[in-house]
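Observations on chain architecture
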Amino acid sequence: MVDEQEKLLPVANVGRIMKQILPPSAKISKEAKQTMQECATEFISFVTGEASDKCHKENRKTVNGDDICWALSALGFDNYAEAIVRYLHKYREAEREKANNQNKGTSTQDDTRDDDESNHESEEHTEQQVGSTSNPSEFRVLDKGKSSFTKQY
């Protein structure tokens, strides 16, 4: 049983995510948290496996965000893929801004333009693979290790 538990997402984290969407007075049973823990872990494995297969066929060793977006779409999760493409775009933009702020004064504007052009091409490629929509899904980009969901009603 210990080995199986090590392969699952931490149940406390799953419970915290579940509580974010519920009213403050709502309760979640241990069974519900464990069920969602297994479902979320299986979903991650399913999508990652599809992305990994694509990388293997392309003789690549690293699964990236574009591969995850492609896998979501290939598996029929188009709405999720479109939302993740938007998130990935915002994440890359935040990372570029962070890098630009750290490197201010140490690099030339030409270097920055080259980086922006290569990242922009990658983002366009992702959007062409998955497509875009006016779906109101929204994500906030946070530092690594932190998670946040924005509710849309």
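What you see is a predicted model, and the numbers here were worked out from it, not measured in a lab.

What counts and what doesn't
Residues numbered from 1 in each chain as written. Predicted model: local features only at pLDDT ≥ 70, side-chain atom pairs only at ≥ 80, totals over all residues. Heavy atoms only, no water. Axes fitted to C-alpha atoms, helices over the stretch in contact; angles between N-to-C directions. Helix = DSSP H or I, 4+ residues; strand = E, 2+ residues; numbered from the N terminus. Parallel < 35°, antiparallel > 145°, perpendicular 65-115°, else oblique. Contact = heavy atoms within 4.5 Å. Nonpolar A, V, L, I, M, F, W, Y, C, P; charged D, E, K, R; others polar. Phe/Tyr/Trp six-rings, centres within 6.5 Å; stacked < 30°, edge-to-face > 60°. Buried < 20%, exposed > 50% of the residue type's maximum accessible area, 1.4 Å probe, protein only.

Axis separation between helix H3 (residues 30-57) and helix H4 (residues 65-74) bottoms out at 8 Å; the angle between their running directions is 110°. Comparing the axis directions of H3 and H4 gives the class roughly perpendicular. Only Asp67, Ile68, Trp70, Ala71, Leu72 and Ala74 of H4 make contact with H3, whose side of the interface consists of Phe43, Val47, Thr48, Glu50, Ala51, Lys54 and Cys55. Here the residues of the contact of H3 with H4 sort into 9 nonpolar, 1 polar and 3 charged.

To continue, consider the packing of aromatic side chains. Overall, the coordinates contain 4 aromatic pairs when judged by the stated rule. Considering the side-chain rings of Phe77 and Tyr80, the 6.1 Å spacing of their centres and the 65° angle between planes classify their relative orientation as edge-to-face. Using a relative accessible area of 25% as the deciding quantity, one classes Phe77 as partly exposed. Members of the aromatic cluster, connected to one another through ring pairs, are Phe43, Phe77 and Tyr80.

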